[in-house]
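Residue-level listing of the chains:
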Amino acid sequence: MPDPFASPNQVRESLRDQGYVCSSEIATITYLSDQLDKPLLIEGPAGVGKTELAKVVAAATGRELIRLQCYEGLDETKALYEWEYAKQLLYTQLLRDKLQEVLASAGSLAESADRIAAEENVFFSMRFLLQRPLLRALLSPEPVVLLIDEIDRADAEFEAFLLEILSDFQVSVPELGTLAARVQPLVFLTSNNTRELSEALKRRCLYLFLTYPELEQEIAVVNLKVPELDGALTRQAVEMVQGLRNLDLRKHPSISETLDWARTLVVLNAERLDRSLVSDTLNVLLKHERDLKRVQQRLEPMSGDGPEYQGPEDEDDHTRYL
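Quantities reported herein were computed from a predicted structural model and do not represent experimental measurements.

Undergrad: Account for the pattern of salt bridges, with residues named and values stated.
TA: Tallying each qualifying case throughout the model produces 14 salt bridges. Asp-34 is paired through a salt bridge with Arg-63; the nearest N and O atoms lie 3.8 Å apart. Of this pair, Asp-34 sits in helix H2 (residues 24-35) while Arg-63 sits in the loop between helix H3 (50-61) and strand S2 (64-69), and the two are 29 residues apart along the sequence. For Asp-34, a relative accessible area of 18% gives the class buried. Relative accessible area serves as the criterion here: at 22%, Arg-63 is assigned to the partly exposed category. Note that Lys-287 and Glu-257 form a salt bridge whose closest N and O atoms lie 2.9 Å from each other. Note that Lys-287 is positioned in the loop between helix H15 (275-285) and helix H16 (289-296) and Glu-257 in helix H14 (residues 255-267), a separation of 30 residues in sequence. A single network of salt bridges, built from pairs that share partners, joins Lys-251, Glu-257 and Lys-287.

Undergrad: So what about the sheet that holds strand S1 (residues 40-43)? Which residues, and what values?
TA: Taken in spatial order, the 5 strands line up as S2-S5-S8-S1-S9 in an open sheet, and their pairing is parallel. Two strands lie at the open edges of the sheet, namely S2 and strand S9 (206-209), each paired on one side alone. Strand-to-strand twist across the sheet, computed as the mean angle between neighbouring axes with direction ignored, equals 20°. Bridge analysis of S2 against strand S5 (residues 144-149) gives 6 bridges, and the strand direction is parallel. Residue pairing for S5: Leu-68 is matched across the bridge by Ile-148. In the packing of H3 onto the sheet, contacts are made with S1, S2, S5, strand S8 (186-191) and S9, and the angle to S8 comes to roughly 165°.

How each quantity is defined
- Residues numbered from 1 in each chain as written.
- Predicted model: local features only at pLDDT ≥ 70, side-chain atom pairs only at ≥ 80, totals over all residues.
- Heavy atoms only, no water.
- Salt bridge = Lys/Arg side-chain N within 4 Å of Asp/Glu carboxyl O.
- Helix = DSSP H or I, 4+ residues; strand = E, 2+ residues; numbered from the N terminus.
- Buried < 20%, exposed > 50% of the residue type's maximum accessible area, 1.4 Å probe, protein only.
- Pairing = 2+ DSSP bridges.
- Axes fitted to C-alpha atoms, helices over the stretch in contact; angles between N-to-C directions.
- Contact = heavy atoms within 4.5 Å.

What follows is the structure in structure tokens.
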């Protein structure tokens, strides 16, 4: 079996085998992230395939995907580790008699405290450490893909905490010392640009900006994912979606919504796009009432024998998309 990361071209082919159509730029920067042992920061609007890229890289390389979903208020105990205090307490109860033996001959409180301190490594050891995604990725004996998803949703303090991990792939646990990665993970960070990330974080990463694909690339994605849809109808559907993205909408259709719509057309046995069909299925593409009303107003019946859909009209160049 060929190495999926032998070259940028091999990366591109390997990802395509997993159902992910990518450009040479995406394949090259993904290849370099692996070869240079650098995290890859992927920015862009929601729904363009940022998270999916990490997933298909994990699948193509046969690595486990470990995902940390970021959110406001995320801290070390949810991302890195925490002590299982209930388990520690249970062991304390079970070992009560043994502890009494250790303390039995102590001549003072200070000596008792010293004897208990000497046994701290029993209760503060890996058996009581609950590993969260970041620590799991560092301590995994096998290479993994670590996905830090939507890092822009986390607080700036958590972003600063990540710097040690992304620089040295190690973390400090006060009770245990420094824990270094056994095998350096392949790290992907994604951001929807809801806030500006720090220069310190960006310095530690390679950078990729993903946007919506060009017409032919999106057609290739639909052909790969929904091959049962007629080729001519696929082109019409993708042109329609690309036209919608040129409008002033609250949320533009993502690639996944293009695929949902393509599957919808298959389920409905559609042979062509007409105004009625588009109107009845717009809810698959658009998820806000204002957007639906705006597009509904742009649906125009053609003169002649049927209400075939004309397509949205670009406000600047008046291009018709179907």
